[in-house]
Amino acid sequence: TAISYFEEAEELTVSMLGTRDHAIVMNILHNMGNSYRAIALSASKMEMRAAYEKAVTCYSESIRISQVLYGGLHLSSADSMQNLGVLHMRAGKTWLAIFHMEDKDSNADELALKSFKESLKIRKREKGSRNELEIAFILRHMGELCLRKIEKNNRVGPYFDTKKLADEALKYLNDSLKIQQRFFCDDKDTQQSIGVAHTYHA
């Protein structure tokens, strides 16, 4: 239902403005991407793929419009980049997703990491408690992506860069936890992932 309203709003707005390159359209697409992302992360496998592709399209177009209007490093695109990273990663809120992954496109985690890094670069330029917490969120997922890479590589035999990736994961995760603790909101997922990283590091 939400997607139907967003599609109607997009059509009417573009018709009235005579252009897609407008902040209103950018926001509609971001919100529509969120709706498709929710389906992609919870629906059946057949629905998931279609919703995934539509969410990527919505976020990518929202980012494009932001960059046309405000340049490449504007905060208005950071949320879409961040959500695009979560979508590519296809992780819910649990660290157990590290170990219970479905088969995915081979470069999905690389796309997720790229999106997170782009969002992080923008967010680090901004100030404010909300932005700090978003940075913590991104760092946690970047750490978990390192752990997923170790796990995937270890499935096919001993992986010689395990310690290096574990070090990288610990840096991201510990930095995330430090931010969370400043705002009294450190979460168990980050702490669990730090424990896993120490196990790989040993």
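Residues numbered from 1 in each chain as written. Predicted model: local features only at pLDDT ≥ 70, side-chain atom pairs only at ≥ 80, totals over all residues. Heavy atoms only, no water.

Peer 1: In this structure, what is going on with the nonpolar core? I would like to understand it.
Peer 2: One recurring pattern in soluble globular proteins is that nonpolar side chains are buried together. Counting residues in hydrophobic clusters, the biggest one holds 27 residues, and the most contacted among them are Phe 116, Met 142 and Leu 147. Elements with a minimum of two residues in this core: helix H4 (78–89), helix H5 (108–123), helix H6 (129–154), helix H7 (162–182) and helix H8 (188–201). Among the elements that make up this core, the one with the highest residue count is H6 (nine residues). For Met 142, the contacting residues outside a window of four places in its chain are Leu 113, Phe 116, Lys 117, Leu 120 and Tyr 172. (Core = buried A, V, L, I, M, F, W, Y, C linked by side-chain atoms within 4.5 Å. Buried < 20%, exposed > 50% of the residue type's maximum accessible area, 1.4 Å probe, protein only. Helix = DSSP H or I, 4+ residues; strand = E, 2+ residues; numbered from the N terminus. Contact = heavy atoms within 4.5 Å.)

Peer 1: Would you mind going over a nonpolar patch on the surface with me for this structure?
Peer 2: A grouping of Met 16, Leu 17 and Ile 24 is seen on the molecular surface, where their side chains present a nonpolar patch of about 320 Å² in accessible area. Mapped onto the fold, Leu 17 is located in helix H1 (residues 2–17). Residue classification places Leu 17 among the partly exposed residues on the basis of a relative accessible area of 37%. (Patch = residues over 30% accessible without salt bridge, like charges linked within 9 Å, V, L, I, M, F, W, Y side chains within 5 Å. Areas by Shrake-Rupley, 256 points an atom, 1.4 Å probe, with all protein chains shown as cover. Salt bridge = Lys/Arg side-chain N within 4 Å of Asp/Glu carboxyl O.)

Peer 1: Any chance you could explain the packing of H7 against H8 here in plain terms?
Peer 2: To characterise two packed helices, one gives the angle between the axes of the helices and the distance between these axes. Where H7 meets H8, the axes come as close as 9 Å, and the angle between the chain directions of the two elements is 155°. In this view, H7 runs roughly antiparallel relative to H8, as classed from their interaxial angle. The element H7 and its partner H8 pack so that their crossing is left-handed. For the pair formed by H7 and H8, the contact residues are Thr 162, Lys 163, Ala 166, Asp 167, Ala 169, Leu 170, Leu 173, Asn 174, Ser 176, Leu 177 and Gln 180 on the first element and Thr 190, Gln 191, Ser 193, Ile 194, Ala 197, His 198, Tyr 200 and His 201 on the second. (Axes fitted to C-alpha atoms, helices over the stretch in contact; angles between N-to-C directions. Parallel < 35°, antiparallel > 145°, perpendicular 65-115°, else oblique. Left-handed = near helix turned anticlockwise from the far one by under 90°.)

Peer 1: Teacher, can you tell me more about the packing of helix H2 (residues 23–40) against helix H3 (residues 45–70) here?
Peer 2: At a minimum axis distance of 8 Å, the contact between H2 and H3 shows a crossing angle of 155°. In terms of orientation, H2 lies roughly antiparallel with respect to H3. Handedness of the H2/H3 crossing: left-handed. Here the contact of H2 with H3 is built from residues that sort into 17 nonpolar, five polar and three charged. (Nonpolar A, V, L, I, M, F, W, Y, C, P; charged D, E, K, R; others polar.)

Peer 1: Would you mind showing me how to read the pattern of salt bridges here?
Peer 2: Think of it this way: side chains of opposite charge can pair up when their charged atoms draw near. As enumerated under the stated definition, the model contains 16 salt bridges in all. Arg 64 is paired through a salt bridge with Glu 61; the nearest N and O atoms lie 3.0 Å apart. A residue pair is termed a helical-turn pair when its members lie 3 or 4 positions apart in one helix, as Arg 64 and Glu 61 do in helix H3 at three residues. Residue Arg 64 is classed as partly exposed on the basis of its relative accessible area, which comes to 31%. Two residues, Arg 123 and Asp 79, come together in a salt bridge whose shortest N-O distance is 2.2 Å. In this pair, Arg 123 sits in helix H5 while Asp 79 sits in helix H4, placing the two residues 44 residues apart along the sequence. A relative accessible area of 0% places Arg 123 in the buried class. Connected via shared salt-bridge partners are Glu 10, Arg 20, Asp 21, Glu 61 and Arg 64.

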